[in-house]
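# Summary of structural features
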Amino acid sequence: MYGITWFGGFARKGDFPVNKDLMRTKMEGFHRLTRDERLARVAEIADLTDQEVDQLSWARPIPNEIAEHLIENVIGYFPIPLGVATNFHIDGRDLLVPMAVEETSIIAAASATAKWIRSEGDIRTYSKGNLIIGQIQIPAVKNVVGTTQILRLNREMLINVANACVPGLVARGGGIRDLAIRELPPQSPLDSGATMLVLHVLCDPCDAMGANLINQVCESLKPIIEQLTHERVGLCILSNLVDGKLAAAEVVVRNIDLTLARGIEEATEFARRDPYRAATHNKGVLNGIDPILIATGNDWRAAEAGIHAYAARGGQYRPVTDWRVVGSDLVGKIEIPLAVGTVGGVTTLHPTARVALKMMGVDRAEDLARVCAAVGLVQNLGALRALATVGIVKGHMLLHAANLALAAGAEIHEVAQVRAKLAEILKVEKKINLSRAKEVLEAIRENRNRSL
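Note that the structure is a prediction, hence the values are computed from the model and not measured. (Residues numbered from 1 in each chain as written. Predicted model: local features only at pLDDT ≥ 70, side-chain atom pairs only at ≥ 80, totals over all residues. Heavy atoms only, no water.)

The subject of this paragraph is the pairing of strand 10 (residues 321–326). Because side chains alternate across strand 10, one face comprises the buried residues Thr321, Trp323 and Val325, and the other comprises Asp322, Arg324 and Val326, none of which is buried. Bridge count between strand 10 and strand 11 (residues 329–337): 6 bridges; the pairing is antiparallel. Counted as the bridge partner of tryptophan 323 is glycine 332 from strand 11. (Buried < 20%, exposed > 50% of the residue type's maximum accessible area, 1.4 Å probe, protein only. Helix = DSSP H or I, 4+ residues; strand = E, 2+ residues; numbered from the N terminus. Pairing = 2+ DSSP bridges.)

Right, here's the structure in full:
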């Protein structure tokens, strides 16, 4: 059904990164640097301008006039930290992966797992199809056979009318490619009793996410379809289940410890059988995908809706990744519907989103979707690796210690001390919490006062 396009390289302006050894050197020990040092290294690797550096450091906040056009009733801002996941080597290229997220450990886990894969395996990505879907609903069809025949006979005319609505997209090489008819019979006594027809308008949006484009096209076809069929048209709206536009990735970890590999395989089987586990399994995948979508100004809510629907397409909610032991290797795969954009909407309007795309060296929507799929798969592997060994709590709590210190009331100059002491406690007691952090802070302050 779909043609597979392997990720042979990014379509980008220039040749980023210019020197893969520069990337590797500059990312070594990245997490131990100060924020200003990290920003300077990212600027050097991604060739950022002073203005772009200011944008990342929030020296240039979003202008109020842009905020007023993005949402309604603007009263302020809610900043989310923007970090960089390191060590990603995808399809033979080094990448900086910008991630906007508030949850502790996500970026650290992604970077650590990517480093493990880099030394022991590979990450490869590809795509299947490039079509998004618009839906035109005929809710209560009086003549199913006749209406279906009319729509099929007028297929070319309807496609031409649709493409005339989006001449700019057609000029860029995109546009409406086909129409498909779906018949939805009544499924319960509560239904109206009438058969519903849905016309799928299949569109290549090029590098746009395409929601506004496809909605416009569907609305324009509504009166023509009503005139042709003498049937009432209901909803005209895009679908976020873009199963004609799939992003996929494969990870291979070679010569892996088989006890660890079997544990990861067993955890995947748990998720495959149990939707309660599958929900948490897939949340871990989205821990990797959502922060990239947020950083690049894409609609992560639409992506999540489509991915969750795709996970349940067989009638039971299942994991979107699969991990299996093949000989001495661990092989993981992901295949998800993902419509993203590198032009238009917030991606174009939000200055930080534009810088994030430049950092990644991505120009095409297809490339961005593939990176998201790869990072989601790597993030999932990191979580399963932790669950199959030391468990998820220890590593998360250690990274969470700084948050506990701040919540306990520590001043900025006290955070490092509290965090270090909590790390010592975690080794012995296996858990830390806010009450413990307050006790540690109080003890540190008492010791300091006695020494004065």
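Moving on from the model shown.
On to the pattern of salt bridges. Following the criterion strictly, the structure yields 23 salt bridges and no others. Across the salt bridge formed by aspartate 94 and arginine 118, the nearest N and O atoms sit 2.7 Å from each other. One end of the pair, aspartate 94, is in strand 3 (residues 93–100); the other, arginine 118, is in helix 5 (residues 106–120), with 24 residues separating them in the sequence. On the basis of relative accessibility, which here comes to 2%, the residue aspartate 94 falls in the buried class. Judged by relative accessible area, arginine 118 falls into the partly exposed class, the value being 23%. Between glutamate 265 and arginine 262 there is a salt bridge, with its nearest N and O atoms 3.2 Å apart. Pair noted here: glutamate 265 and arginine 262 are both in helix 10 (residues 258–273), with a separation of 3 residues, about one helical turn. For glutamate 265, a relative accessible area of 21% gives the class partly exposed. Exposure remark for arginine 262: the relative accessible area of 44% places this residue in the partly exposed category. (Salt bridge = Lys/Arg side-chain N within 4 Å of Asp/Glu carboxyl O.)

Okay, the nonpolar core next. A general trend in soluble globular proteins is that nonpolar side chains are found buried together. In terms of nonpolar packing, the biggest core is built from 56 residues, with Phe88, Val251, Leu338 and Leu381 touching the most fellow members. The leading source of residues in this core is helix 15 (residues 365–388), at 12 residues. Those residues in contact with leucine 381, other than ones at most four positions away along the chain, are Thr113, Trp116, Ile117, Val251, Val253, Ile264, Trp323 and Leu330. Membership of the second largest hydrophobic core comes to 31 residues, among which are Ala162, Cys236, Leu238 and Ala339. (Core = buried A, V, L, I, M, F, W, Y, C linked by side-chain atoms within 4.5 Å. Contact = heavy atoms within 4.5 Å.)

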